[in-house]
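Breakdown of the fold
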Amino acid sequence: MVIDKKETIIAYRCPSCGAGIMSMVGVFSLSGDMLRLKCDCGQSELTIQYTRDHDIRLYVPCLFCPSPHVFTVSDSVFFGRELFTLGCPYTGIDIVFVGGRGEVGLALTKSEEELRELLGDVTFDEINEVKKKHIADPEIFDIVNFVVRDLEEEGKISCRCEDGCGDYHVSVEEDRVTVSCTECGASRCFPINSTTTALSFLETDSIILT
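These notes cover the structure that comes with them. In this numbering scheme, every chain counts its residues from 1 along its sequence in written order. Totals for whole chains, interfaces and linings use all residues, but because this is a predicted model, local features are given only for residues with pLDDT of at least 70 and pairs of side-chain atoms are given and counted only at 80 or more. Hydrogens are left out, water is left out, and the side-chain values use all remaining heavy atoms of the structure.

Starting at the N terminus, helices and strands are each numbered in turn, a helix being any DSSP run of H or I of at least four residues and a strand any DSSP run of E of at least two. A tally of helices and strands in the protein chain yields five helices and 13 strands. Working definition: with a 1.4 Å probe on protein chains only, accessible area under 20% of the residue-type maximum means buried, over 50% means exposed, and in between means partly exposed. When the 210 residues of the protein chain are sorted by exposure, 42% land in the buried category. A separation of at least 24 residues holds for 48% of the contacts in the protein chain among residues at least 6 apart in sequence. Counting only carbon and sulfur atoms, one obtains 50% of the accessible surface of the protein chain, whose full area is about 11,500 Å². Any pair of residues with heavy atoms lying within 4.5 Å of one another is described as a contacting pair. Residue exposure ignores everything except the shown protein chains as possible cover, and the areas themselves are Shrake-Rupley values with a 1.4 Å probe.

Dropping the structure here:
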């Protein structure tokens, strides 16, 4: 019996050093809790995991935003397209590339050329310095992101989407966290200015975005 292997190539650009990171992902490698694709510089990683509905959730580092973006795609799209890309919802710039090796390689090269034209003499170090001025303690993001993903899995986040359930993004700033739906634009801000207040966020049992 011949087993139809599900495999695809995924790539992202490290926000710290600017390197393009590419790796093959197979359906069997995702059978565990999650898969991490790390840059050799050790400063960034892309996380992939199956959801309870057997969709695939991606946590993608962003070149321009202080916290990673979260995307959810179907298994058929993730493994079945020659190429698809996902962009930063704020800049529109593609930050993750999935598909065939050749197609992903070309897309990654093209994105590098576009970034060089866009950034000019601005370096990745300069971009990261700006981002550091707006990012809260990483521990706070981890706590808040955990709660939001847990509530999302349990169907306890609602928004303006027709079925009341969209694709949710977490953005952490110096004194607040914003949970927003990337599909309908609904959002809600929570004041958080310390790890203590972030821990109190653990008691949240539902979120309604307006």
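Now, onward.
Hydrogen bonds along the backbone pair up the strands of a sheet, which may run parallel or antiparallel. Spatial ordering of the open sheet is given by β2-β1-β8-β7, a layout of four strands whose pairing is antiparallel. Single-partner strands in this sheet number two, and they are β2 (20-26) and β7 (83-87). Each adjacent strand pair in this sheet contributes to an overall mean axis angle of 20 degrees, direction not counted. As paired elements, strand β1 (residues 7-13) and strand β8 (residues 94-99) share four bridges and run antiparallel to each other. Only strands joined by at least two bridges in the DSSP assignment are considered to pair. Only C-alpha atoms enter the line fits that serve as axes; for helices the fit covers just the stretch in contact. Angles between N-to-C directions range over 0 to 180 degrees.

Below, the discussion takes up the sheet that holds strand β4 (residues 45-50). Taken in spatial order, the four strands of this open sheet run β3-β4-β5-β6, and their pairing is antiparallel. The two strands at the open ends of the sheet, each matched to only one other strand, are β3 (35-38) and β6 (69-73). In this sheet, neighbouring strand axes are inclined to one another by 15 degrees on average, regardless of whether the strands run parallel or antiparallel.

What follows covers the packing of aromatic side chains. The description of two aromatic rings rests on the distance between their centres and on the angle between their planes. What counts as a ring pair is set by centres within 6.5 Å for rings of Phe, Tyr and Trp (its six-membered ring), and what kind of pair is set by the plane angle: stacked under 30 degrees, edge-to-face over 60, tilted for all other angles. Here the structure, examined in full by the defined rule, presents one aromatic pair. On the basis of an interplanar angle of 85 degrees and a centroid distance of 5.0 Å, the ring pair of F78 and F79 is categorised as edge-to-face.

Before going further, it helps to spend a moment on the pairing of β8. The buried fraction of β8 is high, at five of six residues. Across five bridges, β7 lies against β8 in antiparallel orientation. Note on β8: the bridge partner recorded for L83 is G99. From the end of β7 to the start of β8, which pair antiparallel, there are six residues, and G92 there has a positive phi angle of about 80 degrees.

Looking now at the side chain of E152. As for its position among the elements, E152 is in helix α4 (residues 138-153). Each polar contact in these results corresponds to two N or O atoms within 3.5 Å; when the atoms are within protein, one needs to be able to donate a hydrogen and the other to accept it, and residues that are neighboring in sequence are counted only if both atoms are side-chain atoms. Among the polar contacts listed, one links the side chain of E152 to the side chain of R57, at a separation of 3.4 Å. Filtering out sequence-adjacent residues up to four positions away, E152 remains in contact with R57, I157, G166 and Y168.

The subject of this paragraph is the pattern of salt bridges. Each reported salt bridge corresponds to a side-chain nitrogen of Lys or Arg within 4 Å of a carboxyl oxygen of Asp or Glu. Summed over the entire model, instances satisfying the criterion amount to six salt bridges. Here K38 makes a salt bridge to E45, at a shortest N to O gap of 4.0 Å. For K38, a relative accessible area of 52% corresponds to the exposed category. Taking the relative accessible area as the measure of exposure, E45 reaches 27% and is therefore partly exposed. Across the salt bridge formed by K156 and E154, the nearest N and O atoms sit 3.3 Å from each other. Relative accessible area serves as the criterion here: at 38%, E154 is assigned to the partly exposed category.

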